[in-house]
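Per-entry structural report
Spelled out from the first residue to the last, the chains are:
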Amino acid sequence: METLTFRHTTKKPLAGSVPHAITGVVASGNLEILLERVLPPDACEVAIETPIAGYGDVWEAVVADFVARAQPGGLRISINDGGARPDTVSLRLLQGARLMEA
Amino acid sequence: MAGNRAASIDPDSLSWYEATARQRVLALTDPGSFREFLPPTERRMSPHLPLFDLPRAFDDGIVVGRARLDGAPILIAAQEGRFMGGAFGEVHGAKLVGLLRAALELKPKAVLILFDTGGVRLQEANAGETAIAETMRAIVDARAAGIPVIGLIGGRAGCYGGGGLIAGTCSRLAVSEGGRISVSGPEVIETNKGAEEFDSRDRALVWRTMGGKHRRLTGGADAFCADTVSAFRKAALALVGRAPAFDLQTLEAEQARLEARIDQFGDCRDAADVWARLGVNDPESVPAMDTGAFDETVARSPEADHDAR
Amino acid sequence: MTLAEILASLFPQGHAVAVRDGLVTGTGPFAGGQMHVVGVDGDTPLGVDGALVLSRVVLDAVRASDRAPILVAVDSDSQRMSRRDELLGLNECLAHLAKAILLADRSGHPTIGLIYGHSAAGAFIATALATRVLAALPGAHPSVMDLPSVARVTKLPLDKLKDMAKSTPVFAPGLDNMVATGAVHVVLEPNLSLEAQIRALIDGMSAGDVRDRLGEERGGRPVARAIAAAIADQARLG
């Protein structure tokens, strides 16, 4: 298993007040994402556990893109990956952020 | 709460088979009533899967908690069939055991178990097997205390291995077409006994032999549901009200029921032979029947309804 | 030990236990009363027919309400793997047998499992694992699945699995590992009287299910007890 952690500073906190949410399932080609509103409003941390080693660059790019689009300030995001493709990861991250905003 | 968000899912249109364990729980129970025990934020994950370089799940593939069903307090557990085939690992099994033990104290109106499992998780086989035995003992304790334990079966992993034995321990079972109940899975039989004994690629054979319709017609399940969450909710509500007692009389009746089944159908090679002997006019048509037509067929089956479980 | 040796040590004055088609049934004099014996011998797989023979005997004992101990002696294969068994509802028949044993226990019959050979999967759950206290004899080899099959399913090399098995009792076959997880309470001493040892087991039986506590103490199931307890704690909070 490979563990990756990315920390970002956001321009603003994520809207809404949902304290936590989970989306997705750990399965082949899929992943689960746990989002928790526990960080300072301008901070976002994404921690990933994946059985597929060597894709740190791809994860870094996907996470950076998500942070830029969603501005998920305040969130600690934990991912259990089952070997999801980058587009699936992006989709789930945005789904998760929407659950937190509601 | 995240839970309240997902409660907006429409139970009438949500496919049980396609839904995740979490979606099933939220759409089955009264809106906003579900409270999870050891939720994902507590990260009580398998201590063993990392040794096998396998990913873990925050809930170890089972969602457990309390909720209300038509206003009445219940306890509920739902297995996630897509994570490790919904199989029983150490944490997964212990969550179900803990929930059933809690029932003795809390005296809920019922405990619902939403099965979706291939059986024991091989990477944690001894823990899973032992947890299944503990679960069966805890179900018996709950039933003997007058708490109905209702199993709902319609997920993609079916209800196999030790899961099948746990299902057989429940007070009542509801099953959909896709809900297979069996001990040995098709692949296991084929691997051990050959394709002449069971061709696991013959999906029609799998469904005929282990599927919801066969189980319902022969009394292996007490309700047959369309593949929607609302159908399972309706079935669960009906079954809670007519759970058999756990006592000698019930088990004597079950003994007689199962002996009679073997006497009557023990020489049948195929499920269609069993259905013909049950008086089904056109047994070959059973797999294609819609829920309404199938309900009428069930009503004519002498084996389908009983209190012998 | 063979079944004959076990019965001789358990019932020195003789017994009326017979084996037919691999199914063990009968009684023997025990502790001033009698003991019922059911079981599976000779590495026999347990199917729908056999399960109902054994459950019949257990229910008869409950109906007699003599509160006599019931010994479930096991040297079985796994469940019988066949199309016929599944067609006839093997899950119901095996669960029924387990329920009968659990009912007996609730009805005042001490239930003791004794594994003296092999057992696996559904057959193990329906018999020995449904008893209140499960003892084993040295040489017993319960398993869920043998390592070559585990290797096939998990796609891990057999050598690696054998290595992992040395340090990780949670998945590896064998008696020591089932003791470590708490499923097997105790390993008996074959050179001492089984009658005395089983009497002591019955006298020392605890009321609840102690298997997760044993698994925690012995290190084979490090977290199960704490998880189950945490669920119960959270359930108690309003």
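A separate point is helix α4 (residues 125–144) of chain B. Between the first and last C-alpha of α4(B) there are 29 Å, a value that for 20 residues agrees with the 28 Å anticipated at 1.5 Å per step. In terms of burial, α4(B) is largely enclosed, as 18 of its 20 residues are buried.

A few words on the interface of chain B and chain C. Contacts between the two partners involve 73 residues from chain B, matched on the other side by 70 residues from chain C. Residue assignment for the side of chain B that touches chain C shows that the elements contributing at least two residues are β2 (62–69), α3 (90–106), α4, α5 (162–167), α6 (186–193), α7 (203–210), α10 (248–265) and α11 (271–277) of chain B. Counting residues per element, the side of chain B that touches chain C draws most heavily on α4(B), which supplies 13 residues.

To continue, consider the sheet that holds strand β7 (residues 223–225) of chain B. Residue and element names in this part refer to chain B. Strand order in the open sheet formed by seven strands is β1-β2-β3-β4-β5-β6-β7, with mixed pairing between adjacent strands. Sheet topology places β1 (35–37) and β7 at the edges, where each strand pairs with a single neighbour. The sheet shows a mean angle of 25 degrees between the axes of neighbouring strands, taken without regard to direction. Two strands pair when backbone bridges link them, and β1 and β2 are joined in this way by three bridges, in the antiparallel orientation. If you follow R35 over to β2, its bridge partner there is R66.

Quick look at unusual backbone geometry now. Residues and elements named next belong to chain C. Located in the positive-phi region is D43, a residue other than glycine, with phi close to 55 degrees. Inspection of the secondary structure puts D43 in strand β3 (residues 33–46). The exposure class of D43 is partly exposed, given the 14 C-beta atoms found within 10 Å.

Turning our eyes to something else, we now look at the environment of B:G128. Residues and elements named next belong to chain B. Relative to the assigned elements, G128 resides in helix α4. Of the residues examined, G128 has 26 C-beta atoms within 10 Å and is grouped as buried. With 36 residues separating them along the chain, G128 and H92 place their C-alpha atoms 8.2 Å apart. Not counting residues within four places of it along the chain, the set of residues in contact with G128 comprises A87, F88, G89, G93, V120 and R121.

Attention shifts here to the nonpolar core. Of all hydrophobic cores here, the largest spans 204 residues; its most connected members are B:V111, B:A174 and C:A98. With 11 residues, the top contributor of residues to this core is helix α4 (residues 90–106) of chain C.

Okay, the packing of helix α10 (residues 211–218) of chain C against helix α11 (residues 224–236) of chain C next. Residue and element names in this part refer to chain C. Where α10 meets α11, the closest approach of the two axes is 7 Å, and the angle between their N-to-C directions is 135 degrees. One way to sum up the angle between α10 and α11 is to call them oblique. On α11, the residues touching D212, R213, G215 and E216 of α10 are A224, R225 and A228. Class assignment for the residues of the contact of α10 with α11 results in two nonpolar, one polar and four charged.

Okay, the pairing of strand β2 (residues 23–30) of chain C next. Regular strands place side chains that alternate from one sheet face to the opposite one. All names here are of chain C. Relative to β2, strand β1 (residues 16–20) is paired through five bridges, and the arrangement is antiparallel. Counterpart to R20 in the pairing with β2 is L23. The antiparallel hairpin formed by β1 and β2 contains two residues in its connecting segment, where D21 sits at a positive phi of about 50 degrees. Here β2 pairs with β3 via eight bridges, running antiparallel. Looking at the pairing, T25 lines up with V38 of β3. Connecting β2 to the antiparallel partner β3 that follows it, the hairpin turn spans two residues, and A31 within it adopts a positive phi of roughly 50 degrees.

Attention now goes to the environment of C:H96. Residues and elements named next belong to chain C. Within the secondary structure layout, H96 lies in helix α4. Classification of H96 as buried rests on a count of 29 C-beta atoms within 10 Å. Residues H96 and L194, 98 residues apart in the sequence, show an inter-C-alpha distance of 29 Å.

What follows is about the sheet that holds strand β5 (residues 75–81) of chain A. Residue and element names in this part refer to chain A. With respect to topology, five strands assemble into an open sheet ordered β1-β4-β5-β3-β2, the strand pairing being mixed. A strand with exactly one partner marks an edge of an open sheet, and here the two such strands are β1 (2–9) and β2 (20–24). Geometrically, the sheet is characterised by an average inter-axis angle of 10 degrees between neighbouring strands, direction not taken into account. The sheet strands contacting helix α1 (residues 56–70) are β1 and β4 (43–50), and the helix crosses β1 at an angle near 30 degrees.

Conventions and cut-offs
Residues numbered from 1 in each chain as written. Chains lettered and ligands numbered in written order. Predicted model: local features only at pLDDT ≥ 70, side-chain atom pairs only at ≥ 80, totals over all residues. Helix = DSSP H or I, 4+ residues; strand = E, 2+ residues; numbered from the N terminus. Expected span 1.5 Å × (residues − 1). Buried ≥ 20, exposed ≤ 12 C-beta atoms within 10 Å, placed from the backbone. Contact = placed C-beta atoms within 7 Å. Pairing = 2+ DSSP bridges. Axes fitted to C-alpha atoms, helices over the stretch in contact; angles between N-to-C directions. Core = buried A, V, L, I, M, F, W, Y, C linked by C-beta atoms within 7 Å. Parallel < 35°, antiparallel > 145°, perpendicular 65-115°, else oblique. Nonpolar A, V, L, I, M, F, W, Y, C, P; charged D, E, K, R; others polar.

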